[in-house]
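Breakdown of the fold
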Amino acid sequence: MPPRSSKPDKKMPEQNLLEELKWRGLIHQCTDDDSLAKLLATSSQTVYIGFDPTADSLHVGSMMQLMMLRRFQKAGHRPIALVGGATGMIGDPSGKSEERNLLSAEQLQKNVDGVASQMRQFLDFGDDRSDGDAGASNNAVLLNNFEWMRGYSYLEFLRDVGKSFPVGAMMGKESVRSRLDSEAGLSYTEFSYMLLQAYDFVHLSREHGCLIQAGGSDQWGNITAGIDLGRRMLGKQLFGITAPLLTTSDGRKMGKTESGAIWLDPARTSPYQFYQYWRNVDDADVMRCIAYLTEIERSEYDELDEATKSDPGRRSAQNRLAEWLTDFVHGQEGLANALRASKMLFGGEIGVQTDASLSEIFADVPSQEVTREVLEGEGYWIVQALQDAKLANSGGEARRAVKEGGVYVNNIRANDEKQRLTSSDLASETVMVIRKGKKNYALLRFV
């Protein structure tokens with residue numbers, strides 16, 4: 001299992017990069033794949049992917065593109081991670097049914113800073129310079145398109161770039177057609193997004209020698225627009241490659257739960273929640289997730305695939321996926337915390353926790369409020385605690401459960417029906433975890 005701090009190797013380009021992407025199912029569309037294969041095998045190339053800073057954290061859907069850049073870097077090529085400080089002010093209409101809310105300059109900058117810091121977990125930026133030139137090194141480069149767009153006036157952009165961009169080509173893109181035909185329509189602001197992104201490709205090709213743009217399949221129209229603009233403005237042959245979107249087998253976007261998106265920021269999505277999300281991936285989706293998002297080798301992939309088919313109940317692939325990704329994104333400590341929290345649900349030691357952590361781990365467990373005064377004096381009778389927790393309907397039922405050894409306080413067996421609970425039995429500031437049998441949990445909150 002790779003440590004979080006591991007960086008992509010620096011080496012000459014590998015000729016099998018496209019083959020690696022193909023077996024993983026990561027090529028959805030590609031312009032002139034024979035020429036691209038020769039280009040990648042001949043010399044180190046620069047490839048870029050853009051990221052919209054719509055939030056101050058990336059989510060698991062963004063991992064597809066980050067891992068794509070990482071794969072290019074490991075194969076000896078030079079990745080550019082482009083944060084859309086300029087394009088983020090407009091919002092990409094691709095795949096959207098209605099226009100996004102525009103962000104303030106302050107919120108946008110906060111988002112750019114947050115997204116940029118997370119990218120450093122996936123790519124090797126060397127000495128951390130983000131403005132290096134296109135040289136022999138394949139250190140990753142982190143750029144913000146606001147840096148070159150902020151100096152452009154509207155008239156200058158129309159004169160220099162707009163004249164080389166045919167409207168007919170734009171109208172033919174699916175991302176534009178679908179919005180024009182929708183009830184929401186398409187504003188001129190969003191209509192201009194494709195031109196801005198296309199110019200990013202031209203700028204990066206001219207200033208950084210970038211010949212390849214990658215992205216999700218919903219970016220195909222924007223990528224091909226950039227290729228066409230590069231041909232018109234620079235006389236260069238540029239290339240594009242897209243990966244499938246991260247979706248479930250029935251077409252739903254992955255990384256979404258009832259409580260919201262699965263973020264890479266541990267303050268938004270804890271390592272435990274992150275781990276549990278991947279641990280519960282459906283059998284129909286797990287092998288695709290392993291291929292798309294991890295660096296697990298083909299031989300191990302085949303073993304996990306066979307294990308999933310022959311004994312799906314063991315969830316070998318889900319466990320490996322969850323452990324690999326949690327370790328990669330949140331490090332060994334994050335993984336250890338996630339595993340420890342997961343074991344609590346199956347009777348593992350709870351130890352000293354916080355109210356917040358227990359509420360998260362036992363989010364689906366019913367809870368009851370009890371006055372804190374009951375913990376004082378002689379303490380809180382365990383028989384009464386079981387009834388207050390709704391785990392026993394009567395005192396007699398509660399006593400029998402204790403006598404039979406089926407009652408646990410903070411996953412420690414209660415052996416005496418006369419036991420009294422005090423504040424020393426709290427698992428956190430205000431919470432006590434009561435269990436009856438193997439799986440019947442309840443939380444008592446003392447207020």
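Residues numbered from 1 in each chain as written. Predicted model: local features only at pLDDT ≥ 70, side-chain atom pairs only at ≥ 80, totals over all residues. Heavy atoms only, no water.

**Quick look at the overall build of the protein**
- Each helix and strand in the protein was counted, giving 18 helices and 15 strands.
- Here the C-alpha coordinates of the protein stretch approximately 85 × 45 × 45 Å along the principal axes.
- Among the 447 residues that make up the protein, the fraction classed as buried is 51%.
- Here the protein has roughly 20800 Å² of accessible surface; of this, 47% comes from carbon and sulfur atoms.
- Averaging the positions of the 52 positive and the 62 negative side-chain charges in the protein gives two centres separated by 2 Å. (Helix = DSSP H or I, 4+ residues; strand = E, 2+ residues; numbered from the N terminus. Buried < 20%, exposed > 50% of the residue type's maximum accessible area, 1.4 Å probe, protein only. Areas by Shrake-Rupley, 256 points an atom, 1.4 Å probe, with all protein chains shown as cover. Lys, Arg positive; Asp, Glu negative; His and termini not counted. Charge placed at Lys NZ, Arg CZ, Asp CG, Glu CD.)

**Quick notes on the sheet that holds strand E15 (residues 440–446)**
- Strand order in this open sheet of 5 strands is E9-E15-E14-E11-E12, and the pairing throughout is mixed. The outermost strands of the open sheet, each flanked by one partner alone, are strand E9 (367–370) and strand E12 (412–413).
- Pairing of strand E11 (residues 407–409) with E12 involves 2 bridges; the strand directions are antiparallel. When the bridges of E12 are listed, valine 409 appears paired with isoleucine 412. (Pairing = 2+ DSSP bridges.)

**Digging into the environment of alanine 284**
- Within the secondary structure, alanine 284 sits in helix H13 (residues 283–293).
- Assessed through its relative accessible area of 46%, alanine 284 is described here as partly exposed.
- Taking the C-alpha atoms as reference points, alanine 284 and aspartate 34, 250 residues apart in sequence, are found 32 Å from one another.

**Thoughts on helix H2 (residues 33–42)**
- Among the residues of H2, Leu36, Leu39 and Leu40 are the ones counted as buried. Projected onto a plane normal to the axis of H2, the buried residues spread over an arc of 95 degrees and lie on a single side. When the buried face of H2 is taken as reference, the exposed residues oriented beyond 90 degrees from it are Asp34, Lys38 and Thr42.
- In this fold, the buried residues of H2 make contact with helix H1 (17–23), strand E1 (29–30), helix H3 (60–74), strand E5 (210–216) and strand E6 (239–243). (Arc of directions from axis to C-beta. Contact = heavy atoms within 4.5 Å.)

**What about the sheet that holds E5?**
- With mixed pairing, the 6 strands of this open sheet are ordered in space as E1-E6-E5-E2-E3-E4. At either end of the open sheet lies a strand with only one pairing partner, and these are E1 and strand E4 (141–144).
- As defined by bridge partners, E1 adjoins E6 across 2 bridges and the pair is classed as antiparallel. Residue pairing across strands places cysteine 30 opposite isoleucine 241, the latter belonging to E6.
- Set on the sheet, helix H11 (residues 220–234) makes contact with E1, E5 and E6; between it and E6 the angle comes to about 170 degrees. (Axes fitted to C-alpha atoms, helices over the stretch in contact; angles between N-to-C directions.)

**Things to note about the pattern of salt bridges**
- Scanning the model with the defined rule gives 19 salt bridges in all.
- Linking arginine 268 and aspartate 56 is a salt bridge whose minimum nitrogen-to-oxygen distance equals 2.8 Å. Highlighted residues: arginine 268 in the loop between strand E8 (260–261) and helix H12 (271–279) and aspartate 56 in the loop between strand E2 (46–51) and H3, separated in sequence by 212 residues.
- Salt bridges linked by common partners bring Asp56, Lys110 and Arg268 together as one network. (Salt bridge = Lys/Arg side-chain N within 4 Å of Asp/Glu carboxyl O.)

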